[in-house]
Amino acid sequence: MTATVAFVVSRVVVRLERRAERSRNLWDDALLHALRRPALGLVWLQGIYWAADIAHHYSEAALFQANNTLLKLGIIVLVVWTLWGFIRQTEKIMVSPLKMERPMDYTTVSAVSKLARAVVVIVAILTAMQSLGFSISGVLAFGGVGGIAVGFAAKDLLANFFGGFMIHLDRPFKIGDWVKSPEKQIEGVVEHIGWRLTTIRTFDQRPLYVPNAFFTTISVENPSRMVARRIYETVGVRYVDVAHMASIVESIREMLRNHRDIDQDQLTIVNFDRFNASSLDIMVYTFTTNLAWADYQATKQDLLLRISDIIAEHGAEVAFPTRTLHVADPVRLRSAGPDANGSPQPPEPAARAQEPEHQGPGAQFARPETDGEA
């Protein structure tokens, strides 16, 4: 009999689910989907209760005396099961772009869902204890005193819990965001936000588990929420090309105005910046609309190549570090012969010959006279 009723209830719930799917209301779908299995469980629980009640008339076993208590506990479990499933289905609906015109943030929905499930479990436990004959007031009083002791013993755990609560409340980042903290050398993509730990996947694909209490004391950057990426470069031109600097700067500025990947709503600066040691420096300061790292690098490469072409079009060249060495007039050295002991003497400078006035710049030295030559 119980199996027959369970089969009928199952078919009825399935038919109601199919009809609810054709309606615009999403919450009846969630409720019926969460109710399907607990409804079957209720049928079987009631059937078992009736069978045990009938058996109790023929037996005085202690097990049958607890029949009513077991029924109450079973109903509490079924209610928790239903509410748990309904919360899960609601969570999926709230973050689904297919079911909601404006889906909510997954991090926030997940936090509220976890909190709701925790409340359901706590209320169910208290109700079950009341059904078993325990005094709720005594349990609450004991829980208050015990909570103080546990608070002192687990202050770090509570700090992480409230840190996670503040993350869910303030939402400085969400799952999938790229975050970084120069203070703690934390950088990566957020994978999970728990009540004690936040999991961050670093760029070398290692998981990093950060206690939530850290985020209440450190600064966290969220590059994922940038509206534009900055390009800040210094380009050097040779000193011999100083006459072309004004036209080069203006051509670069015009190129940035017409570039499709440059955000024209942001600040753009192209100026002759300073006289450097080996170059005339041009500062290029602008923002690109490409937020993805790979696209940003491609845009930056394109800009640098275009700047190089502009410099070449004006007959100039990009500077590189150079050094000019000024050498005094050359001095010719003459090796002296050995001394009386046979040791070599240090070389002596040769006397510089007087240059005739008619000699060119290439005739710098007069040929020294050698003994024995005509």
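Residues numbered from 1 in each chain as written. Predicted model: local features only at pLDDT ≥ 70, side-chain atom pairs only at ≥ 80, totals over all residues. Heavy atoms only, no water.

Visitor: Help me understand the packing of helix H8 (residues 245-257) against helix H9 (residues 293-313) in this model?
Guide: Angle between the axes and distance between the axes are the two parameters that describe a pair of packed helices. Axis separation between H8 and H9 bottoms out at 10 Å; the angle between their running directions is 145°. Relative to H9, H8 is oriented so that their crossing is right-handed. Of the residues in H9, those touching H8 at Ile248, Ser251, Ile252, Met255 and Leu256 are Leu303, Arg306, Ile307, Ile310 and Ile311. (Axes fitted to C-alpha atoms, helices over the stretch in contact; angles between N-to-C directions. Helix = DSSP H or I, 4+ residues; strand = E, 2+ residues; numbered from the N terminus. Left-handed = near helix turned anticlockwise from the far one by under 90°. Contact = heavy atoms within 4.5 Å.)

Visitor: Mind showing me how you'd approach H8 here?
Guide: The α-helix advances 3.6 residues per turn, and as a result positions three or four apart in sequence lie on the same side. The first and last C-alpha atoms of H8 sit 19 Å apart over 13 residues, in line with the 18 Å expected at 1.5 Å per residue. For H8, the set of buried residues is Met245, Ile248, Val249, Ile252, Met255 and Leu256. Considered in projection along H8, the buried side chains sweep an arc of 125° and stay on one side of the axis. For H8, the secondary structure elements touched by its buried residues are strand S5 (229-237), strand S6 (269-275), strand S7 (280-288) and H9. (Expected span 1.5 Å × (residues − 1). Buried < 20%, exposed > 50% of the residue type's maximum accessible area, 1.4 Å probe, protein only. Arc of directions from axis to C-beta.)

Visitor: Is there a simple way to explain the packing of aromatic side chains in this structure?
Guide: Describing an aromatic ring pair means giving the distance of the ring centres and the angle of the ring planes. Summed over the entire model, instances satisfying the criterion amount to seven aromatic pairs. Ring geometry for Trp178 and Phe203: centres 5.7 Å apart, planes at 75°, overall edge-to-face. Of this pair, Trp178 sits in strand S1 (residues 178-181) while Phe203 sits in the loop between strand S3 (197-201) and strand S4 (207-211), placing them 25 residues apart in sequence. By relative accessible area, Trp178 is classed as buried at 19%. Here the aromatic rings of Phe272 and Phe275 are separated by 5.2 Å at their centres, their planes lie at 75°, and the arrangement is edge-to-face. Relative accessible area serves as the criterion here: at 58%, Phe275 is assigned to the exposed category. Through a chain of ring-to-ring contacts, three or more aromatic side chains come together here, namely Tyr232, Tyr285 and Phe287. Across the ring face of Trp84, the terminal group of Arg117 is positioned such that the distance to the ring centre comes to 5.2 Å. Taking the ring centre of Tyr296 as reference, the NZ or CZ of Arg229 above it sits at 5.4 Å. (Phe/Tyr/Trp six-rings, centres within 6.5 Å; stacked < 30°, edge-to-face > 60°. Lys NZ or Arg CZ within 6 Å of the ring centre and 35° of its normal.)

Visitor: Would you mind going over the sheet that holds S1 with me for this structure?
Guide: The strands making up a sheet associate through backbone hydrogen bonding, with each pair oriented either parallel or antiparallel. Here we have four strands laid out as an open sheet, ordered S1-S2-S3-S4, and antiparallel in their pairing. Edge positions in the open sheet fall to S1 and S4, since each of these has one partner strand only. Looking at each pair of strands side by side, their axes are set apart by 45° on average, direction ignored. Summarising the sheet, strand S2 (residues 186-193) and S3 pair through four bridges and their orientation is antiparallel. Pairing of Val190 across the sheet is with Ile200, part of S3. (Pairing = 2+ DSSP bridges.)

Visitor: Where do I start with the pattern of salt bridges in this structure?
Guide: As a working rule, side chains carrying opposite charge can pair if their charged atoms are close by. The final tally for this structure, using the stated rule, is 13 salt bridges. Measuring nitrogen to oxygen at the nearest pair gives 3.8 Å for the salt bridge that ties Arg257 to Glu250. With a relative accessible area of 41%, Arg257 lands in the partly exposed category. Here Glu250 falls in the partly exposed class, since its relative accessible area comes to 37%. (Salt bridge = Lys/Arg side-chain N within 4 Å of Asp/Glu carboxyl O.)

Visitor: Looking at this structure, I do not really get the side chain of Ser113. What am I missing?
Guide: Mapped onto the elements, Ser113 comes out in helix H5 (residues 106-131). Given the relative accessible area of 5%, Ser113 is considered buried. Polar contacts involving the side chain of Ser113 include one to the side chain of Glu91, which spans 3.0 Å. Side chain to side chain, Ser113 and Arg117 meet in a polar contact 2.5 Å long. Excluding residues within four positions of it along the chain, Ser113 makes contact with Ile87 and Glu91. (Polar contact = N/O pair within 3.5 Å; in protein donor to acceptor, adjacent residues only side chain to side chain.)

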